[in-house]
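# Coordinates in review
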Amino acid sequence: MTTDAADEPQPHPRRRRAPAGAAVLREDVTEAIRAAVFEELAAVGYARMSIEGIARRAGVGKTAVYRRWRSKLHLVLDLVSALAVQGLPAPDTGSLEGDLRLLYEVTSRALRHPLASQIIPDLQAEAARNAEIAEALRKTLREGQDSVASSILAAATERGELAAGLDTDLALDLISGPLYWRAVVIRSPKLPKGHLAALARATAAGLRAL
């Protein structure tokens, strides 16, 4: 009687060992640490924030934090830079004013979130003393917003609402500047009724005049 080779016992393939340290970098732990950083920044600020405080808030040991980031500076730089990469959804309402209003509504809610409203001013103060934080914060507040604003400008130009060849840098400043002034610089506690709609209307008119 012959036996099919497929039925014969086969040697077990040699199991590959995972790189040292790879198994312990669990994503749920990483996310818990990230959440703890935001909460710790809001509670005590960057200057008083410590790896010990972050670990305690995340419910992990300090080693778990140090396996992922060398210091609190690298941790914060990583998180702030990640925000820039995430960006905002590009509005697609079919009109320049509608796109601007939706952008302002989403951005305003994000900037007025309790954590963001405490963390951003604190990091701005640290940015005056730390060039690395300044660069990461610039990416978050500028590049993330600009990618969406550029999409709005491109769509409006394609629809014929804006002239081709407008000054893009000036247009981006015009779109983002007023809202950030209100929400981040002077930290107005509450926007007047109809402010975002009026801002979108005025910005659209300004962009058409460029």
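Below or above, wherever it landed, is the structure these notes cover. (Residues numbered from 1 in each chain as written. Predicted model: local features only at pLDDT ≥ 70, side-chain atom pairs only at ≥ 80, totals over all residues. Heavy atoms only, no water.)

## Details of the overall build of the protein chain
For the protein chain, the helix and strand inventory stands at nine helices and zero strands. For the protein chain, the proportion of its 210 residues judged to be buried stands at 37%. Nonlocal contacts in the protein chain, meaning residues at least 24 apart in sequence, comprise 69% of its contacts between residues at least 6 apart. A total accessible area of about 12,700 Å² is found for the protein chain, and carbon and sulfur atoms account for 54% of it. (Helix = DSSP H or I, 4+ residues; strand = E, 2+ residues; numbered from the N terminus. Buried < 20%, exposed > 50% of the residue type's maximum accessible area, 1.4 Å probe, protein only. Contact = heavy atoms within 4.5 Å. Areas by Shrake-Rupley, 256 points an atom, 1.4 Å probe, with all protein chains shown as cover.)

## What to know about a nonpolar patch on the surface
A contiguous nonpolar surface patch, about 320 Å² in accessible area, is contributed by Trp181, Val185 and Ile186. Residue placement: Trp181 occurs in helix 8 (residues 168-185). (Patch = residues over 30% accessible without salt bridge, like charges linked within 9 Å, V, L, I, M, F, W, Y side chains within 5 Å. Salt bridge = Lys/Arg side-chain N within 4 Å of Asp/Glu carboxyl O.)

## Here we look at the packing of helix 5 (residues 96-111) against helix 8
Across the interface, helix 5 lies against helix 8 with an axial gap of 11 Å and an inter-helix angle of 30°. On the basis of the axis angle, helix 5 is roughly parallel to helix 8. The element helix 5 and its partner helix 8 pack so that their crossing is right-handed. Residues Leu100, Leu103, Tyr104, Thr107, Ser108 and Leu111 of helix 5 form the contact with helix 8, whose own contacting residues are Leu174, Ile175, Leu179, Tyr180, Ala183 and Val184. Looking at the contact of helix 5 with helix 8 residue by residue, the class counts come to ten nonpolar, two polar and no charged. (Axes fitted to C-alpha atoms, helices over the stretch in contact; angles between N-to-C directions. Parallel < 35°, antiparallel > 145°, perpendicular 65-115°, else oblique. Left-handed = near helix turned anticlockwise from the far one by under 90°. Nonpolar A, V, L, I, M, F, W, Y, C, P; charged D, E, K, R; others polar.)

## Some details on the environment of Gly177
Along the chain, the position of Gly177 falls in helix 8. The spatial distance from the C-alpha of Gly177 to the C-alpha of Arg142 is 10.0 Å, given a sequence separation of 35 residues.

## Here we look at the pattern of salt bridges
Going through the model one piece at a time under the given rule, you end up with ten salt bridges. Ionic pairing is found between Glu40 and Arg57, a salt bridge with its closest N-O pair at 2.6 Å. Of this pair, Glu40 sits in helix 1 (residues 27-44) while Arg57 sits in helix 2 (residues 51-58), and the two are 17 residues apart along the sequence. Using a relative accessible area of 8% as the deciding quantity, one classes Glu40 as buried. The partly exposed category is assigned to Arg57, whose relative accessible area is 39%. One connected set of salt bridges, linked through shared partners, spans Glu27, Glu31 and Arg34.

## Section: the nonpolar core
Core analysis: the largest hydrophobic core is formed by 27 residues, its most contacted members being Ile33, Val37, Tyr46, Ile54, Leu75 and Val76. Within the residue set of this core, elements represented by two or more residues are helix 1, helix 2, helix 3 (62-66), helix 4 (72-86), helix 6 (114-127) and helix 7 (131-159). The residues touching Tyr46, leaving out its near neighbours within four places in the chain, are Leu41, Lys72, Leu73, Val76, Asp122, Leu123, Glu126 and Ile133. Membership of the second largest hydrophobic core comes to 21 residues, among which are Leu96, Leu100, Ala156 and Leu191. (Core = buried A, V, L, I, M, F, W, Y, C linked by side-chain atoms within 4.5 Å.)

## A word on the packing of aromatic side chains
Scanning the model with the defined rule gives zero aromatic pairs in all. Here the guanidinium or amino end of Lys72 rests over the ring plane of Tyr46, the centre of that ring lying 4.5 Å away. (Phe/Tyr/Trp six-rings, centres within 6.5 Å; stacked < 30°, edge-to-face > 60°. Lys NZ or Arg CZ within 6 Å of the ring centre and 35° of its normal.)

## Points about the side chain of Asp99
The topology assignment puts Asp99 in helix 5. On the accessibility criterion, Asp99 (0% relative accessible area) is buried. Reaching out from Asp99, the side chain makes a polar contact with the backbone nitrogen of Thr93 at a distance of 2.7 Å. (Polar contact = N/O pair within 3.5 Å; in protein donor to acceptor, adjacent residues only side chain to side chain.)

## Comments concerning helix 9 (residues 195-209)
An ideal rise of 1.5 Å per residue puts 21 Å on 15 residues; helix 9 measures up with 21 Å between its terminal C-alpha atoms. Among the residues of helix 9, those classed as buried are His195, Leu196, Ala197, Leu199, Ala200, Thr203, Ala204 and Leu207. (Expected span 1.5 Å × (residues − 1).)

## Some words on the packing of helix 1 against helix 2
Helix 2 packs onto helix 1 with a crossing angle of 120° between their chain directions and a minimal axis gap of 8 Å. One element, helix 1, and the other, helix 2, form an angle in the oblique class. Considering how the two elements wind past one another, helix 1 and helix 2 form a crossing that is right-handed. Here Ala32, Ile33, Ala36, Val37, Glu39, Glu40 and Ala43 of helix 1 come into contact with helix 2, specifically with Gly53, Ile54, Arg57 and Ala58.

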